[in-house]
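Below, each chain spelled out in residue letters.
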Amino acid sequence: MEKGKKRLSKTLAAAGVASRRACEELIFDGKVTVNGVVELKPQTLVGDSDKIAVNGQPIQGAERKVYYILNKPAGYICSNARLNRTTKLVTDLFPDSKERLFTVGRLDKDTEGLILVTNDGHFANQLIHPSRNITKEYLAKTDHDLTHEHLVAISSGALVQGTFVKPASVAKVRRGSVKISVHEGKKHEVRILLEAAGLKVLSLKRIRIGGLLLGTLPTGEWRELTEKEKKTVLNP
Ligand code: URA
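Residues numbered from 1 in each chain as written. Predicted model: local features only at pLDDT ≥ 70, side-chain atom pairs only at ≥ 80, totals over all residues. Heavy atoms only, no water.

Caption draft 1: Up close: the overall build of the chain. Of the regular secondary structure elements, the chain holds 6 helices and 17 strands. A globule of 236 residues ought to have a C-alpha radius of gyration of about 18 Å, yet the chain, at 23 Å, is considerably larger. Its C-alpha atoms give the chain principal-axis dimensions of about 75 × 35 × 30 Å. The proportion of buried residues among the 236 residues of the chain is 42%. Of all intrachain contacts in the chain linking residues separated by at least 6 positions in sequence, the fraction that spans at least 24 positions is 63%. Summed over its atoms, the accessible surface of the chain is roughly 13600 Å², and 50% of this surface lies on carbon and sulfur atoms. (Helix = DSSP H or I, 4+ residues; strand = E, 2+ residues; numbered from the N terminus. Rg over C-alpha atoms; globule rule 2.2 N^0.38 Å. Buried < 20%, exposed > 50% of the residue type's maximum accessible area, 1.4 Å probe, protein only. Contact = heavy atoms within 4.5 Å. Areas by Shrake-Rupley, 256 points an atom, 1.4 Å probe, with all protein chains shown as cover.)

Caption draft 2: Inspection of the site of the ligand at higher detail. In the region of the ligand, the neighbouring residues are Leu-107, Asp-108, Thr-111, Tyr-138, His-188, Glu-189, Val-190, Arg-191 and Leu-204. Take Glu-189: an N or O atom from its main chain is 3.3 Å from an oxygen atom of the ligand. In the model, an oxygen atom of the ligand is placed 2.9 Å from a nitrogen or oxygen of the Arg-191 main chain. For the ligand, whose accessible area on its own is 240 Å², the fraction buried by protein is 96%. Put simply, the ligand lies in the largest pocket. (Near = heavy atom within 4 Å. Polar contact = N/O pair within 3.5 Å; in protein donor to acceptor, adjacent residues only side chain to side chain. 1 Å grid on protein atoms, 1.4 Å probe; cavity = no way out; pocket = protein on both sides within 12 Å on 5 of 7 lines; lining within 4 Å. Sits in = over half its atoms within 2 Å of the grid points.)

Caption draft 3: Up close: unusual backbone geometry. Not every positive phi belongs to a glycine, and Asn-35 is a case in point at roughly 50 degrees. Within the secondary structure, Asn-35 is located in the loop between β2 (32-34) and β3 (37-38). On the accessibility criterion, Asn-35 (44% relative accessible area) is partly exposed. Within the chain, Asn-133 stands out as a residue other than glycine whose phi angle is a positive 55 degrees. Mapped onto the secondary structure, Asn-133 falls in the loop between α3 (121-128) and β10 (136-142). A relative accessible area of 44% means that Asn-133 is categorised as partly exposed.

Caption draft 4: Quick peek at the sheet that holds β3. Overall, antiparallel pairing links the 4 strands, which are arranged β3-β2-β5-β6 in an open sheet. Where the open sheet ends on each side, the last strands, each with one partner, are β3 and β6 (57-58). With 3 bridges connecting them, β2 and strand β5 (residues 52-54) associate as antiparallel partners. What sits directly across from Val-34, in β5, is Ile-52. (Pairing = 2+ DSSP bridges.)

Caption draft 5: Quick peek at the packing of aromatic side chains. For the structure on display, the rule yields 4 aromatic pairs. One aromatic cluster in this structure is built from Tyr-68, Phe-94 and Trp-222. (Phe/Tyr/Trp six-rings, centres within 6.5 Å; stacked < 30°, edge-to-face > 60°.)

Caption draft 6: Seen up close, the domain arrangement of the chain. The domains assigned to the chain are domain 1 (6-58), domain 2 (67-130 + 213-234) and domain 3 (135-209). Taking only C-alpha atoms, the centre of domain 1 and the centre of domain 3 are 51 Å apart. (Domains from an automatic or database assignment.)

Caption draft 7: Highlighting the side chain of Thr-91. Locating Thr-91 in the fold gives a position in the loop between β7 (67-72) and β8 (102-103). On the basis of relative accessibility, which here comes to 18%, the residue Thr-91 falls in the buried class. Excluding anything up to four places from it in sequence, Thr-91 contacts Ser-79, Asn-80 and Leu-101.

Caption draft 8: Broad picture of the pattern of salt bridges. Evaluation of the coordinates by the stated rule reveals 8 salt bridges. One salt bridge in this structure joins Lys-41 and Glu-39, with 3.8 Å as the shortest N-O distance. Under the relative-accessibility criterion, Lys-41 is labelled partly exposed at 45%. Note on Glu-39: relative accessible area 15%, which makes it buried. Two residues, Glu-99 and Arg-64, come together in a salt bridge whose shortest N-O distance is 4.0 Å. With Glu-99 in the loop between β7 and β8 and Arg-64 in the loop between β6 and β7, this residue pair connects regions lying 35 residues apart in the sequence. Residue Glu-99 is classed as buried on the basis of its relative accessible area of 17%. (Salt bridge = Lys/Arg side-chain N within 4 Å of Asp/Glu carboxyl O.)

Quick look at the structure:
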C-alpha cells in the first residue's frame, strides 16, 4: 500500500462516520466524494491531502492518538462518570485536552501512582488483556512492622472476586512498607491480599506497569509516553 495512504472505507471509519461495513455502503451508494468527485470503490487509497465528504459534509480527520503517564493523586476516580459536583475524575487533570481520554484499567479512588491515560482503545485493550500477563508493582504502607509471617501470609494469596490469586512477588521494603507485584489486575486485589494477611493498608501506590516505571514524576503530574516506553510497557 502507498505510504501514508489508507483505504477510503477505513479512513471514514477512523473518522467516526460509521462502522467499516456501513462506510462501504455509503461509498457504494455514491454518498462519498474525494476531492469533489464521487468515489464508488471502498479500496481507493486516500491520504491527508485528500478532501473527503459524506453527503456533502467534510469529514473530520481521525483523532490524534495520545498516550500519557500520570502519577494519580488519591481522591481521583478512574471513570468518566461524575456522580456529583465534588467527584474528581482523573481526566480533570487534563483540562486542556481536546481528545476523549480514558484510563487504561483502574486504580481505586484512594490509590496513587502510575496510570496510563489515552484515547487509543486498541492500545488500552492490549494492555489490560489477561493473555498479556503484564506485571503491576505496588508499594503499600501498612499499620504493622512486617514480620516474616506477614510476608508468608501475603505470598500465600487470597480469594479476589471469586478467584484465588497469589502475588508474583512480595518484598519488605522497611518497617510497615512492602512491594507487591501482581499479574491479574482484579479490583482491590492488593488491598485484599494485605487485609487477608491481617494488615491494614495506610496507603497504596502503583510504581510499575510491565517495563514502565513511575520514577520521579510528581503526584498529580503527567507527561507523554515516548515511543520506546509505549513498546516497553507492552513488551517488558
Ligand atoms: N489493587 C488494589 O487493591 N487497588 C488498586 O487500586 C490497584 C490494585
